[in-house]
Amino acid sequence: MITQLYHIYIERTDASKNMARYYAMAIEQTLFGDACLTRRWGRIGTMGQQSVHHFQREEDAVRLFLDLLHQKRTRGYRPANTAAPD
């Protein structure tokens, strides 16, 4: 059973390089009670790619989640700007 919700959506944009990428992760419980880490990434506005990792222990899924988040943050990914336009 998943004890806490883990979900994140981050983006990396650079207009000078025509870069507009997103990266999303979530940990959910499967029908069999295992932890499942789902990752999605690609260009903003596209379906992108997806990868699914299954774990018997939630701790292992959380460890991978945090490691990947750290890697993405060091590469410049940040939370999406959700401010309303003026």
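Residues numbered from 1 in each chain as written. Predicted model: local features only at pLDDT ≥ 70, side-chain atom pairs only at ≥ 80, totals over all residues. Heavy atoms only, no water.

Novice: What is the right way to look at the pairing of strand E2 (residues 19-29) in this model?
Specialist: The side chains of a regular strand alternate, first on one face of the sheet and then on the other. Within E2, eight of the eleven residues are buried, which leaves it mostly tucked inside the rest of the structure. Note: strand E1 (residues 6-14) against E2, nine bridges, orientation antiparallel. Bridge pairing in E2 links Glu11 to Tyr22. Adjacent in sequence and paired antiparallel, E1 and E2 are bridged by four residues, among which Asn18 carries a positive phi angle near 55°. By the bridge criterion, nine bridges tie E2 to strand E3 (residues 35-43) in an arrangement that is antiparallel. Looking at the pairing, Gln29 lines up with Ala35 of E3. In this structure, the hairpin formed by E2 and E3 is closed by a connection of five residues, where Gly33 is found at a positive phi of approximately 90°. (Buried < 20%, exposed > 50% of the residue type's maximum accessible area, 1.4 Å probe, protein only. Helix = DSSP H or I, 4+ residues; strand = E, 2+ residues; numbered from the N terminus. Pairing = 2+ DSSP bridges.)

The analysis is restricted to geometry; functional conclusions fall outside its scope.
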